[in-house]
Amino acid sequence: MIALGAGGVRAVAALGAHCDDLAIGAGGTLLSLCAAHPGVRVDALVLSGGGTEREDEERAALAAFCPGADLRLTVLKLPDGRLPAHWDEAKSAVEELRARTDPDLLLAPHRGDAHQDHRGLAELVPTAFRNHLVLGYEIVKWDGDLGRPSAYQPLSPEVARAKADLLQRHYPSQRHRPWYDPEAFLGLARIRGIECGARYAEAFHVNKLILDLENRCGYC
């Protein structure tokens, strides 16, 4: 249970199947959260890209997306697109992350994601993090799997543009992809903003939410 927006975020866990997943799905939220909570602990786990240029990109990018945070990043070497065949390794990595952190908030892919690596990681998260608020982020791509999210983090125009700029700056290995451009990222953020009454927003899927309506602090 977590008091979102009430100063209750002390630690965050962030999980991605690939380098850039976290930045695409929750980069604006990380920027906003770290600005509001200086020194917040962020334990990040990425399952693939270790030992390549993509790991270098990820380390520089997450440092920029988590300014002032106590960032602890692990990038593993599981092969891209093969998570189902490396289930035991992925599960062990998620369990090891759980053993070293008890986050107030967890960012991860959502179960409706069409990519097998994203979906597989989403299925692993609740096997280790059983009593945590999990926000399942979305990643725009050709699959057409964005769906209908149930939670939103409004973004100021400055944060939305900073996210798009940082994605371009820190992931040069991805710029050749036809969907990887500021227009796509800002376009989705604008649509999600419309849905929640803001200019821009990031959207998330929530499978389980515990209410505490008797608490005056507004726990959710």
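Since the model is a prediction, treat every value here as computed from it, not as a measurement.

Asker: How would you sum up the environment of Pro 172? Please name residues and give values.
Answerer: Within the secondary structure layout, Pro 172 lies in the loop between α5 (157-170) and α6 (182-196). What makes Pro 172 partly exposed here is its relative accessible area of 41%. Linking Pro 172 and Arg 54, residues 118 residues apart in sequence, is a C-alpha distance of 9.3 Å.

Asker: I'd love a proper account of unusual backbone geometry, names of residues and values included.
Answerer: Positive phi, close to 95°, is recorded for Asp 20, a residue that is not glycine. Locating Asp 20 in the fold gives a position in the loop between β1 (11-16) and α1 (21-36).

Asker: So what's going on with the pairing of strand β2 (residues 41-46)? Which residues, and what values?
Answerer: Where burial is concerned, most of β2 is hidden: 5 out of the 6 residues are buried. Handedness of the β1-α1-β2 crossover: right-handed. Across 6 bridges, the pairing between β2 and strand β3 (residues 70-75) is parallel. Following the sheet pairing, Val 46 is matched in β3 by Val 75.

What counts, and where the lines are drawn
Residues numbered from 1 in each chain as written. Predicted model: local features only at pLDDT ≥ 70, side-chain atom pairs only at ≥ 80, totals over all residues. Heavy atoms only, no water. Helix = DSSP H or I, 4+ residues; strand = E, 2+ residues; numbered from the N terminus. Buried < 20%, exposed > 50% of the residue type's maximum accessible area, 1.4 Å probe, protein only. Right-handed = clockwise from strand over helix to strand, strands pointing away. Pairing = 2+ DSSP bridges.

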